[in-house]
Amino acid sequence: MKKRSWMTLGIILTFLATVLLTGCGNKEEGSNNGATGGANGDTPSEAASALGEIKSRGKLVVGVKYDTKLFGLKDPASGNVEGFDVDIAKALAKEILGDETKVELKEVTSKTRIPMLNNNDIDMIVATMTITEERKNEVDFSDVYFKAGQSLLVKKGSPIKSIDDIKKGTKVLAVKGSTSVDNIKAKVPDVNVLEFDNYQDAFSALKAGQGDTLTTDNAILYGMAVQDPNYEVVGEPFTDEPYGIAIKKGATDLLNSVNEALKKLHDNGEYDKIYEKWIGKAPSGE
Ligand code: GLU
């Protein structure tokens, strides 16, 4: 009799556990927007299953720039998005899911990338993003995968030759949500900064004479100088901009697998190939 009641209790507990587990699984699936995690307000333990979710989905959803030549630029004719960050995203998909085509790219801008990550629209950000202490309050970062520094783009023949020539009245163009805006204001407190939504708009504004210089990372500015050789990058970089891959806070398993993948790409020469393809001889990067 005693033995039987233990058995009955065992059956009831197994049943309850199954119901609870199945219930949780369904809830997560239902609230998933296509990328990591459930609805807003994920706890760190929910975020920690990010890698498992990507694997069962069979696709890595990555936020990349569509406006940044050399890193992530959409070709309007073909619809293809190409660049260093895009190739890094594909290489990560190859390492994590065994197939570089198992990646879905979504457009982010400097301003939208953190909200999109924390809203579960994307699994990670691979988008010219500098690792900063302030941003670490909102996202986790991988190891550094590219080193840039802030610089200036001007029309050839401009009197601006370096950061020392940026004065109170200088009209500087930059992009919303970038470190570039804060950095230039910190260097020249009274500077006049005009902020745009993306880099192609900022570059168009420079070409239309709406500003004296455009400031952001040297590597991004080199891409613009390639697009229009009437423009050049001047002066030495005046900040350090180490790029990291941003992942939702607390998704430790995903963060570890990204860092392992990055290490592998360095070890097997794949990183160097991607670097050479896009950055080549530009005097920037690692
Ligand atoms: N690396 C800088 C940043 O993360 C500037 C480039 C960008 O806007 O993405 O803000």
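What you are looking at is a predicted structure, and each value in this text was computed from that prediction instead of being measured. (Residues numbered from 1 in each chain as written. Predicted model: local features only at pLDDT ≥ 70, side-chain atom pairs only at ≥ 80, totals over all residues. Heavy atoms only, no water.)

*Asks:* Please explain the pattern of salt bridges as it appears in this structure.
*Replies:* Think of it this way: side chains of opposite charge can pair up when their charged atoms draw near. Overall, the coordinates contain ten salt bridges when judged by the stated rule. Of the charged contacts in the structure, one is a salt bridge between K263 and D267, with a shortest N-O distance of 2.9 Å. With K263 and D267 both in helix α9 (residues 252-267) and four residues apart, this pair spans about one turn of that helix. The two residues K263 and D267 agree in class, both being exposed. Salt-bridge contacts for K273 lead to E270; the nearest nitrogen and oxygen are separated by 3.8 Å. (Salt bridge = Lys/Arg side-chain N within 4 Å of Asp/Glu carboxyl O. Helix = DSSP H or I, 4+ residues; strand = E, 2+ residues; numbered from the N terminus. Buried < 20%, exposed > 50% of the residue type's maximum accessible area, 1.4 Å probe, protein only.)

*Asks:* Quick question: what am I supposed to make of the packing of helix α7 (residues 199-207) against helix α8 (residues 218-227) here?
*Replies:* To describe two helices that pack against each other, one gives the angle between their axes and the distance between the axes. Following both chains from N to C, one finds α7 and α8 inclined at 55°, their axes separated by 12 Å at the closest point. Classed by the angle they form, the pair α7 and α8 counts as oblique. Seen from above, α7 lies across α8 with right-handed handedness. Contact residues: α7 offers Y199, Q200 and F203, while α8 offers I220, M224 and Q227. Class assignment for the residues of the contact of α7 with α8 results in four nonpolar, two polar and no charged. (Axes fitted to C-alpha atoms, helices over the stretch in contact; angles between N-to-C directions. Parallel < 35°, antiparallel > 145°, perpendicular 65-115°, else oblique. Left-handed = near helix turned anticlockwise from the far one by under 90°. Contact = heavy atoms within 4.5 Å. Nonpolar A, V, L, I, M, F, W, Y, C, P; charged D, E, K, R; others polar.)

*Asks:* Sorry, what's going on with the sheet that holds strand β4 (residues 81-82) here?
*Replies:* Reading across from one edge, β2-β3-β4 is the order of the three strands in this open sheet, with antiparallel pairing throughout. Strands with a single pairing partner mark the edges of an open sheet, and in this sheet they are β2 (67-68) and β4. As paired elements, β2 and strand β3 (residues 72-74) share two bridges and run antiparallel to each other. Following the sheet pairing, D67 is matched in β3 by L73. (Pairing = 2+ DSSP bridges.)

*Asks:* I'm lost on the confidence of the model for the chain in this one. Help?
*Replies:* Detailed reading of the predicted coordinates is not advisable wherever pLDDT falls low. For the chain, the mean per-residue pLDDT works out to 88, and 81% of the residues sit at or above 70. Overall, residues 19-33 carries pLDDT values under 50, and its contacts beyond four positions in sequence, including any with other chains, amount to eleven contacts. (pLDDT = per-residue confidence, 0-100.)

*Asks:* Please explain empty space enclosed by the protein as it appears in this structure.
*Replies:* Leftover empty space is mapped by rolling, across the atoms, a probe with the size of a water molecule. All chains considered together, the criterion is met by one cavity of 30 Å³ or more. Approximately 70 Å³ is the volume attributed to the largest cavity. Lining the largest cavity are 14 residues, with R113, T128, S178, T179 and D217 positioned closest to its centre. Secondary structure elements with two or more residues in the lining of the largest cavity: α6 (179-187) and β12 (213-217). For the lining of the largest cavity, the class distribution of residues is three nonpolar, seven polar and four charged. (1 Å grid on protein atoms, 1.4 Å probe; cavity = no way out; pocket = protein on both sides within 12 Å on 5 of 7 lines; lining within 4 Å. Points joined across faces, edges and corners; volume = space filled by probe spheres on them.)

*Asks:* Would you explain unusual backbone geometry in this entry?
*Replies:* For residues other than glycine, phi is negative in most cases, and the peptide bonds are mostly trans. Its identity is not glycine, yet L70 carries a phi of approximately 85°, on the positive side. Residue position: L70 is located in the loop between β2 and β3. Despite not being glycine, T128 has its phi angle at roughly 45°, a positive value.

*Asks:* Hey, could you run me through the site of the ligand in this one?
*Replies:* By nearness alone, 16 residues border the ligand, and S110, T128, T130, Y199 and D217 come closest of all. Here T128 contributes a side-chain N or O atom positioned 2.7 Å from an oxygen atom of the ligand. Measuring from an oxygen atom of the ligand, one finds a side-chain N or O atom of Y199 at 2.6 Å. Considering the ligand on its own, with 280 Å² of exposed area, one finds that the protein chains cover 100% of that surface. The pocket occupied by the ligand, as judged from atoms lying within 2 Å of grid points, is the largest cavity. Looking at the shell around the ligand, the elements that each hand over two or more residues are α6 and β12. The residue makeup of the shell around the ligand, split by class, is five nonpolar, seven polar and four charged. (Near = heavy atom within 4 Å. Polar contact = N/O pair within 3.5 Å; in protein donor to acceptor, adjacent residues only side chain to side chain. Areas by Shrake-Rupley, 256 points an atom, 1.4 Å probe, with all protein chains shown as cover. Sits in = over half its atoms within 2 Å of the grid points.)

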